[in-house]
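Secondary and tertiary structure notes
For reference, the chains in residue letters:
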Amino acid sequence: MQTAAWMWSLMFMAVIAAVFLWVVAGASTKVTDKADPAPAYRWRNRLFWAVIAAGMVLTFGTLWDWPIAGHAAAAPKPDVVIRAVGQQWRWQLDRDTVKVGELVEFEVTASDVNHGFAIYHGKNRIVAQAQAMPGYVNKLRVRFTEPGDYEILCLEYCGLAHHGMRSVIKVRAGS
Ligand code: CUA
């Protein structure tokens, strides 16, 4: 196997070397001033536009199934909207209790530096997460299926007490 690969590599290198030698040999022949470069340029321009056109056709021909387009319009209205602001070093939630089955939308943002908003169920299972960035709101939709206390931790190192940046969202059985 290795010998075969080596032989193929050698052959390939020989071909490359031959091409180089051919180019070098060609470079020493003088181009006469009478040579007209216009046709070559014309073909180059045509090729350029052909590639652009093919790219456009391919792009628009294949993008119709883009999953994000129409997503927002089709999405149902959330039952609960919770604003979640990260700041060194705590999470500020304007509400911390929801019901099982409710469609909860977290509006995740930050007031100082980047944080990572992550909802955990149990010790090591992430239910959902979004980046918390100053000046930008990331909408994170979650439908909790089990009651319990879900811990919110920070997933982005944000300074000395990053590890202590936690909060809890309480999910209660629906009525
Ligand atoms: Cu906030 Cu790490």
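**Brief notes about unusual backbone geometry**
Trp89 follows Gln88 through a cis peptide bond whose omega is 0°. Following the sequence through the fold, Trp89 ends up in the loop between β1 (80–87) and β2 (90–93).

**Comments concerning the sheet that holds β2**
Think of a sheet as strands paired side by side through backbone hydrogen bonds, with each pair either parallel or antiparallel. Read from one edge to the other, the open sheet built from four strands follows the order β2-β1-β4-β7, with strand pairing classed as mixed. The sheet is open, and its two borders are formed by β2 and β7 (138–143), each paired with just one other strand. Between one strand axis and the next, the sheet turns through 25° on average, direction left out of account. As paired elements, strand β4 (residues 103–110) and β7 share six bridges and run antiparallel to each other. Looking at the pairing, Val108 lines up with Asn138 of β7.

**Comments concerning the pattern of salt bridges**
Tallying each qualifying case throughout the model produces six salt bridges. With a shortest N-O distance of 3.9 Å, Glu146 and Arg125 are connected by a salt bridge. Within this pair, whereas Glu146 is found in the loop between β7 and β8 (148–154), its partner Arg125 is found in strand β6 (residues 125–132), the two being separated by 21 residues in sequence. Residue classification places Arg125 among the partly exposed positions, given a relative accessible area of 45%. Two residues, Arg172 and Asp149, come together in a salt bridge whose shortest N-O distance is 3.5 Å. Of this pair, Arg172 sits in strand β9 (residues 166–172) while Asp149 sits in strand β8; the two residues are 23 residues apart in sequence, bridging distant segments of the chain. The partly exposed category is assigned to Arg172, whose relative accessible area is 37%. The exposure class assigned to Asp149 is partly exposed, which follows from its relative accessible area of 49%.

**A closer look at a nonpolar patch on the surface**
A surface patch of nonpolar side chains, about 570 Å² in accessible area, is lined by Phe48, Trp49, Ile52, Met56 and Phe60. Position of Phe48 among the secondary structure elements: in helix α2 (residues 38–62). Judged by its relative accessible area of 47%, Phe48 is partly exposed.

**Quick look at the packing of aromatic side chains**
Taken as a whole and judged by the stated rule, the model has four aromatic pairs. Taking the centre distance of 5.3 Å and the plane angle of 50° together, the rings of Phe106 and Phe117 count as tilted. Residue Phe106 is located in strand β4, and its partner Phe117 is located in strand β5 (residues 115–121); the two are separated by 11 residues in the primary sequence. The same class applies to Phe106 and to Phe117, which are both buried. Look at Phe144 and Tyr150: their rings are 4.7 Å apart centre to centre, the planes differ by 65°, and that puts the pair in the edge-to-face class. Look at Tyr150 and you get buried, because its relative accessible area is 2%. Taken together, the aromatic side chains of Trp91, Phe106 and Phe117 make up a single cluster linked through ring pairs. Lying across the ring of Trp43, Arg46 places its NZ or CZ 4.5 Å from the centre.

What counts and what doesn't
- Residues numbered from 1 in each chain as written.
- Predicted model: local features only at pLDDT ≥ 70, side-chain atom pairs only at ≥ 80, totals over all residues.
- Heavy atoms only, no water.
- Helix = DSSP H or I, 4+ residues; strand = E, 2+ residues; numbered from the N terminus.
- Pairing = 2+ DSSP bridges.
- Axes fitted to C-alpha atoms, helices over the stretch in contact; angles between N-to-C directions.
- Salt bridge = Lys/Arg side-chain N within 4 Å of Asp/Glu carboxyl O.
- Buried < 20%, exposed > 50% of the residue type's maximum accessible area, 1.4 Å probe, protein only.
- Patch = residues over 30% accessible without salt bridge, like charges linked within 9 Å, V, L, I, M, F, W, Y side chains within 5 Å.
- Areas by Shrake-Rupley, 256 points an atom, 1.4 Å probe, with all protein chains shown as cover.
- Phe/Tyr/Trp six-rings, centres within 6.5 Å; stacked < 30°, edge-to-face > 60°.
- Lys NZ or Arg CZ within 6 Å of the ring centre and 35° of its normal.

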